[in-house]
Amino acid sequence: MFLLESIIVAISISGISGCDLALIYTSIDGKDSDKSFSYYSASSTSGFLVASFMNSFIVKYSLELTAFLTIIPYGIAFIISFFLVDTHQYRNEEKIGLIDSFKSLKHKT
(Lines give C-alpha, C1' and ligand atoms only; values in the text may rest on other atoms or scores of the structure.)
Protein backbone atom coordinates (compact mmCIF):
# COMPACT_ATOMS: atom_id res chain seq x y z
CA MET A 1 0.00 0.00 0.00
CA PHE A 2 2.87 2.36 0.84
CA LEU A 3 4.50 1.67 -2.54
CA LEU A 4 1.24 2.39 -4.37
CA GLU A 5 0.82 5.61 -2.39
CA SER A 6 4.39 6.69 -3.17
CA ILE A 7 3.99 6.01 -6.89
CA ILE A 8 0.71 7.93 -7.16
CA VAL A 9 2.07 10.86 -5.13
CA ALA A 10 5.25 10.99 -7.25
CA ILE A 11 3.30 10.97 -10.52
CA SER A 12 0.85 13.57 -9.26
CA ILE A 13 3.46 15.94 -7.91
CA SER A 14 5.64 15.69 -11.01
CA GLY A 15 2.63 16.21 -13.24
CA ILE A 16 1.32 19.31 -11.51
CA SER A 17 4.42 20.90 -10.01
CA GLY A 18 4.97 24.35 -11.45
CA CYS A 19 2.07 24.00 -13.84
CA ASP A 20 -0.39 25.05 -11.16
CA LEU A 21 1.45 28.32 -10.54
CA ALA A 22 1.79 29.03 -14.27
CA LEU A 23 -1.91 28.34 -14.79
CA ILE A 24 -2.88 30.69 -11.99
CA TYR A 25 -0.63 33.43 -13.32
CA THR A 26 -1.89 33.19 -16.91
CA SER A 27 -5.50 32.91 -15.76
CA ILE A 28 -5.38 36.21 -13.89
CA ASP A 29 -3.40 38.05 -16.59
CA GLY A 30 -0.92 39.29 -14.00
CA LYS A 31 -3.57 41.37 -12.22
CA ASP A 32 -3.75 40.92 -8.45
CA SER A 33 -1.22 38.11 -8.66
CA ASP A 34 -0.14 38.66 -5.06
CA LYS A 35 -3.72 38.21 -3.88
CA SER A 36 -4.25 35.07 -5.95
CA PHE A 37 -0.99 33.46 -4.87
CA SER A 38 -1.65 34.31 -1.24
CA TYR A 39 -5.02 32.51 -1.45
CA TYR A 40 -3.30 29.55 -3.10
CA SER A 41 -0.60 29.43 -0.43
CA ALA A 42 -3.12 29.82 2.40
CA SER A 43 -5.24 26.98 0.99
CA SER A 44 -2.22 24.73 0.67
CA THR A 45 -1.05 25.45 4.21
CA SER A 46 -4.49 25.03 5.74
CA GLY A 47 -4.94 21.73 3.91
CA PHE A 48 -1.62 20.52 5.25
CA LEU A 49 -2.57 21.53 8.80
CA VAL A 50 -5.97 19.83 8.61
CA ALA A 51 -4.41 16.66 7.18
CA SER A 52 -1.74 16.64 9.90
CA PHE A 53 -4.35 17.06 12.60
CA MET A 54 -6.61 14.34 11.20
CA ASN A 55 -3.76 11.88 10.62
CA SER A 56 -2.81 12.06 14.28
CA PHE A 57 -6.20 10.51 15.07
CA ILE A 58 -6.32 8.12 12.10
CA VAL A 59 -2.90 6.60 12.81
CA LYS A 60 -4.25 5.24 16.10
CA TYR A 61 -6.51 2.92 14.11
CA SER A 62 -4.47 2.03 11.05
CA LEU A 63 -1.24 3.16 9.43
CA GLU A 64 -2.40 1.78 6.08
CA LEU A 65 -5.50 3.98 6.23
CA THR A 66 -3.34 7.11 6.40
CA ALA A 67 -1.53 6.03 3.24
CA PHE A 68 -4.83 5.27 1.52
CA LEU A 69 -6.29 8.63 2.52
CA THR A 70 -3.20 10.32 1.06
CA ILE A 71 -3.77 8.62 -2.27
CA ILE A 72 -7.29 10.00 -2.69
CA PRO A 73 -6.55 13.77 -2.92
CA TYR A 74 -3.42 13.27 -5.02
CA GLY A 75 -5.29 10.95 -7.34
CA ILE A 76 -8.13 13.45 -7.70
CA ALA A 77 -5.64 16.26 -8.42
CA PHE A 78 -3.91 14.10 -11.00
CA ILE A 79 -7.19 13.29 -12.78
CA ILE A 80 -8.42 16.90 -12.67
CA SER A 81 -5.15 18.10 -14.22
CA PHE A 82 -6.15 16.35 -17.47
CA PHE A 83 -9.18 18.63 -17.76
CA LEU A 84 -7.30 21.93 -17.41
CA VAL A 85 -7.45 24.20 -20.43
CA ASP A 86 -4.25 25.76 -21.75
CA THR A 87 -4.51 29.53 -22.26
CA HIS A 88 -1.80 29.66 -25.00
CA GLN A 89 -0.85 33.21 -23.99
CA TYR A 90 2.79 32.73 -23.11
CA ARG A 91 3.58 29.70 -25.20
CA ASN A 92 6.93 29.60 -26.93
CA GLU A 93 6.55 27.67 -30.19
CA GLU A 94 10.30 27.35 -30.74
CA LYS A 95 11.54 23.90 -29.81
CA ILE A 96 15.04 23.64 -28.43
CA GLY A 97 16.85 20.32 -28.33
CA LEU A 98 18.92 18.94 -25.49
CA ILE A 99 22.24 19.59 -27.25
CA ASP A 100 21.23 23.20 -28.01
CA SER A 101 20.37 23.68 -24.34
CA PHE A 102 23.82 22.52 -23.27
CA LYS A 103 25.47 24.78 -25.89
CA SER A 104 23.49 27.74 -24.62
CA LEU A 105 24.42 26.92 -21.03
CA LYS A 106 28.10 26.63 -21.98
CA HIS A 107 28.08 30.04 -23.70
CA LYS A 108 26.36 31.76 -20.77
CA THR A 109 28.86 30.54 -18.15
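Please refer to the structure placed before this passage.
Let me sum up the structure you'll find in this document. (Residues numbered from 1 in each chain as written. Predicted model: local features only at pLDDT ≥ 70, side-chain atom pairs only at ≥ 80, totals over all residues. Heavy atoms only, no water.)

## Focus on the overall build of the chain
At step 1: The helix and strand inventory of the chain stands at five helices and zero strands.
At step 2: The order of α-helices and β-strands along the chain, N terminus first, is α-α-α-α-α.
At step 3: Per-residue burial over the chain gives 11% buried out of 109 residues.
At step 4: In the chain, the proportion of contacts linking residues at least 24 apart, taken out of those at least 6 apart, comes to 63%.
At step 5: By element, 68% of the accessible surface of the chain is carried by carbon and sulfur atoms, the whole surface being about 9,000 Å². (Helix = DSSP H or I, 4+ residues; strand = E, 2+ residues; numbered from the N terminus. Buried < 20%, exposed > 50% of the residue type's maximum accessible area, 1.4 Å probe, protein only. Contact = heavy atoms within 4.5 Å. Areas by Shrake-Rupley, 256 points an atom, 1.4 Å probe, with all protein chains shown as cover.)

## Here's the deal with the packing of helix α2 (residues 19–27) against helix α3 (residues 33–58)
At step 1: The geometry of α2 relative to α3 is characterised by a closest axis approach of 10 Å and an angle of 145° between their N-to-C directions. Where α2 crosses over α3, the two elements pack in a sense that is right-handed. Here α2 contributes Asp-20, Leu-21, Ile-24 and Tyr-25 to the contact with α3, which in turn contributes Ser-33, Ser-36, Phe-37 and Tyr-40. (Axes fitted to C-alpha atoms, helices over the stretch in contact; angles between N-to-C directions. Left-handed = near helix turned anticlockwise from the far one by under 90°.)

## Quick notes on the environment of Ile-71
At step 1: Within the secondary structure, Ile-71 is located in helix α4 (residues 63–80).
At step 2: Ile-71 sits in the buried class, given a relative accessible area of 11%.
At step 3: Not counting chain neighbours up to four residues away, the residues in contact with Ile-71 comprise Leu-4, Glu-5 and Ile-8.

## Describing a nonpolar patch on the surface
At step 1: On the surface, Leu-65, Phe-68, Leu-69, Ile-72, Ile-76, Ile-80 and Leu-84 cluster together into a nonpolar patch covering about 580 Å² of accessible area.
At step 2: Considering the arrangement of structural elements, one finds Leu-65 in helix α4.
At step 3: Its relative accessible area of 35% is what places Leu-65 among the partly exposed residues. (Patch = residues over 30% accessible without salt bridge, like charges linked within 9 Å, V, L, I, M, F, W, Y side chains within 5 Å. Salt bridge = Lys/Arg side-chain N within 4 Å of Asp/Glu carboxyl O.)

Just distances and angles here, no functional claims.
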